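Structure assessment
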Amino acid sequence: MAGDFPVTPARPNSDSPLLRLVDRRCASALVFFVLDSLLPEAAHAEAPLNYLFTHGSRAQSIAGLAWFTTAVSILVILIVTGLMLVGIWRARSRFVAELPGEAPVERPHGGVSWIYIGVGITTIVLLVTMVWTFVTLASTGNPPPGPAAVRLEITGHQWWWEVRYLNDEPSQQFQTANEIHIPVGKVVEITLRTADVIHSFWVPALAGKTDQIPGQENHTWIDAKRPGIYRGQCGEYCGQQHAHMAFEVVASAPDDFERWRTQQLQPARSNIAAGAGQDLFITHCGICHTVRGTAAAGILGPDLTHVMSRRMIAAATLPNNPGSLGAWIADPQHIKPGNYMPRLDLSGPQLALVLQYVKSLK
Ligand code: CUA
């Protein structure tokens, strides 16, 4: 039944609507990519995981290498595409003019020199990339000179981040989750662990990825050159909710950081009288969550002592407002299927009481 199908023309017809569409799409994609690369920093504010515009010393050395490899890749694509188009154009015009009909197979002289030139250029570019990579690895993997202003221990869990602020004085230590506050311009040392599988700590604007490996302790250092909220993301596939294992780094002036730290050190300051809401929370949620100053002392889930001071909930998946908080407590499996927080099957009035109590944890 081959005769039922349209016969493909032997030579692509440049007037074909399909080819024109493909040409237009390729051209517009290329133009978009080039323009996007040239856009000023502010235009990239909506790309929270952008690693090409950075605000931390360790990310800056990586960004230089990333820009270089991106530029080289674009240049290679342009050169190869240009040479291919010139070759096609020259062959077409020659065969059409001199040899109408079928083009003969020929082996022109001097073609091998192109291979030498190509391999030579490739080797130089790869060597430069390799040396630059080694230099970048050395600069990002070694501790900075001098002691760190803040020391953190961050443990990856499926699928959230436990953040412990370390201090030689035990009374000055405290724990939070999924939101890391740091003082601007200061070096923060982070010890990385995992409670289960391999995760990877990554704040693209501040530093490259460092893995969290079971049974092992890794170290990284971050610093922010200017105040801001920098998004972080688990960089290693770790199960069903890997994509929803995010966090935020809030960099603020040292005074503001100190105020935040002092507030976090306090036990829970619920502004509602201890009663049904707190009792329900302790019996239903306290097995997994801690609220310092109450009988809720679970360690399986995030510490909720000052949960309302955080911008996001569920590992930076939802904004922290009464609506998403209520939806999360009512049915966490609907929002992050497979996560380890069970559905509690609270009645409507019970849910309202628990929500009222959680909302009081400033
Ligand atoms: Cu943790 Cu991916």
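Below or above, wherever it landed, is the structure these notes cover.

A short note on a nonpolar patch on the surface
A contiguous nonpolar patch, built from Leu75, Ile79, Leu83, Trp114, Ile117 and Ile121 and spanning about 630 Å² of accessible area, is present on the exposed surface. Those elements giving two or more residues to the nonpolar patch turn out to be α2 (57-98) and α3 (112-141). Take isoleucine 117: it is sitting in helix α3.

Details of helix α6 (residues 322-330)
Buried within α6 we find Ser324, Leu325, Gly326, Trp328 and Ile329. Of the surrounding elements, those touching the buried residues of α6 are β11 (312-313), β12 (318-319), α7 (332-335) and α8 (348-359).

A closer look at the packing of aromatic side chains
All told, the structure shown has 12 aromatic pairs when counted by the stated rule. Relative to tryptophan 132, the ring of phenylalanine 68 lies with its centre 4.9 Å away and its plane at 35 degrees, an arrangement referred to as tilted. With phenylalanine 68 in helix α2 and tryptophan 132 in helix α3, this residue pair connects regions lying 64 residues apart in the sequence. A relative accessible area of 23% means that phenylalanine 68 is categorised as partly exposed. On the accessibility criterion, tryptophan 132 (31% relative accessible area) is partly exposed.

So, the side chain of glutamine 264
Among the structural elements, glutamine 264 can be located in helix α4 (residues 254-265). A distance of 3.1 Å separates the side chain of glutamine 264 from the side chain of serine 309, its partner in a polar contact. Ignoring sequence-local partners within four residues, the contact set of glutamine 264 consists of Phe174, Thr176, Arg292, His306 and Ser309.

Examining the pattern of salt bridges
Under the definition given, this model contains 10 salt bridges. In this structure, the salt-bridge partner of arginine 193 is glutamate 217, at a minimum N-O distance of 2.6 Å. Of this pair, arginine 193 sits in strand β5 (residues 188-194) while glutamate 217 sits in the loop between β7 (207-212) and β8 (218-222); the two residues are 24 residues apart in sequence, bridging distant segments of the chain. Here glutamate 217 falls in the partly exposed class, since its relative accessible area comes to 39%. Close ionic contact of arginine 343 with aspartate 345 constitutes a salt bridge, the shortest N to O distance being 3.2 Å. A relative accessible area of 48% means that arginine 343 is categorised as partly exposed. What emerges from the salt-bridge pattern is a single network uniting Glu153, Arg193 and Glu217.

Conventions we followed
- Residues numbered from 1 in each chain as written.
- Predicted model: local features only at pLDDT ≥ 70, side-chain atom pairs only at ≥ 80, totals over all residues.
- Heavy atoms only, no water.
- Patch = residues over 30% accessible without salt bridge, like charges linked within 9 Å, V, L, I, M, F, W, Y side chains within 5 Å.
- Areas by Shrake-Rupley, 256 points an atom, 1.4 Å probe, with all protein chains shown as cover.
- Salt bridge = Lys/Arg side-chain N within 4 Å of Asp/Glu carboxyl O.
- Helix = DSSP H or I, 4+ residues; strand = E, 2+ residues; numbered from the N terminus.
- Buried < 20%, exposed > 50% of the residue type's maximum accessible area, 1.4 Å probe, protein only.
- Contact = heavy atoms within 4.5 Å.
- Phe/Tyr/Trp six-rings, centres within 6.5 Å; stacked < 30°, edge-to-face > 60°.
- Polar contact = N/O pair within 3.5 Å; in protein donor to acceptor, adjacent residues only side chain to side chain.

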